[in-house]
Amino acid sequence: LPELEVQNFFKFFNNKKYSEAENIVNSLFKKYPKNKFCWRMILLIYRKKNDTSKIISAHKKIIELDPEDYENYNDFAVILQKNGEIERAEENFKIALKLNKNFKIAHANLANLMSETNRLNEAESMFREILVKNIDIPDVYNNFGLLLNKLEKEKEAKENYQKALKINPNSPEAYNNLANI
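About the cut-offs
- Residues numbered from 1 in each chain as written.
- Predicted model: local features only at pLDDT ≥ 70, side-chain atom pairs only at ≥ 80, totals over all residues.
- Heavy atoms only, no water.
- Salt bridge = Lys/Arg side-chain N within 4 Å of Asp/Glu carboxyl O.
- Helix = DSSP H or I, 4+ residues; strand = E, 2+ residues; numbered from the N terminus.
- Buried < 20%, exposed > 50% of the residue type's maximum accessible area, 1.4 Å probe, protein only.
- Expected span 1.5 Å × (residues − 1).
- Contact = heavy atoms within 4.5 Å.
- Axes fitted to C-alpha atoms, helices over the stretch in contact; angles between N-to-C directions.
- Parallel < 35°, antiparallel > 145°, perpendicular 65-115°, else oblique.
- Left-handed = near helix turned anticlockwise from the far one by under 90°.
- Nonpolar A, V, L, I, M, F, W, Y, C, P; charged D, E, K, R; others polar.

Enquirer: Can you walk me through the pattern of salt bridges in this structure?
Expert: A side chain with one charge may pair with a side chain of the opposite charge, provided their charged atoms come close. For the structure on display, the rule yields twelve salt bridges. The residue Lys 49 makes a salt bridge to Glu 22 at a minimum N-O spacing of 2.6 Å. Linking Lys 49 in helix α3 (residues 36-49) with Glu 22 in helix α2 (residues 18-31), this pair joins segments that are 27 residues apart in sequence. Among the residues examined, Lys 49 registers a relative accessible area of 46% and is labelled partly exposed. Exposure remark for Glu 22: the relative accessible area of 14% places this residue in the buried category. The shortest N-O distance in the salt bridge between Glu 64 and Lys 61 comes to 3.0 Å.

Set out below in structure tokens:
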């Protein structure tokens, strides 16, 4: 892709001039309709517009262009989950993990999905599997703490909230959850 056009896209996007940024990416599509990076750029616009149907279509196109893009499967699953398409979300999280078994974010997202759908024992196992990998994402510890609290394992929940705070001392969620034990 032409570097100047990409730079202009991000200049407009970062200055919240989304229409101008979209015009640039649409002109790039005319020349490079199968360029995955173009699709990633338009995804940024669709997310700002909160246009779920276009976001889903763009993720599908990226899958078509690059079926090995595990990050896209994870991102697609997050959108599907927010859209209430739980089975499809779970399927896409699992594809992401099949493509990259060490993808910690997908592990965490799948564990959260399991927790949210009341598959608490599965979620607990998934969180434990993630945390063996020395993850440094405070939300994972915080969410695991929430799950442990649901399972009435308050001591272990407290330990996970404290680990979240050790990573990010400014986490209001972890402080609130710790205070509520």
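This is not the end of the story, as more comes after the structure.
Enquirer: It is not clear to me how helix α7 (residues 104-116) should be interpreted in this structure. Could you clarify?
Expert: Since the α-helix turns once every 3.6 residues, residues separated by three or four places project in the same direction. Taking 1.5 Å per residue, 13 residues should reach 18 Å; α7 reaches 18 Å between its end C-alpha atoms and fits that length. Counting buried positions over the 13 residues of α7 gives ten, a clear majority of the element. Buried residues of α7: Ala 106, His 107, Ala 108, Asn 109, Leu 110, Ala 111, Asn 112, Leu 113, Met 114 and Ser 115, and no others. Buried positions along α7 lie against α5 (70-82), α6 (86-99), α8 (120-131) and α9 (138-150).

Enquirer: What is the right way to read the packing of α9 against helix α10 (residues 154-167) from this model?
Expert: To characterise two packed helices, one gives the angle between the axes of the helices and the distance between these axes. Axis separation between α9 and α10 bottoms out at 8 Å; the angle between their running directions is 165°. In terms of orientation, α9 lies roughly antiparallel with respect to α10. Where α9 crosses over α10, the two elements pack in a sense that is left-handed. Mapping the contact onto sequence places Pro 138, Tyr 141, Asn 142, Phe 144, Gly 145, Leu 146, Leu 148 and Asn 149 in α9 and Glu 154, Glu 156, Ala 157, Asn 160, Tyr 161, Lys 163, Ala 164 and Ile 167 in α10. Of the residues contributing to the contact of α9 with α10, the split by class is nine nonpolar, four polar and three charged.

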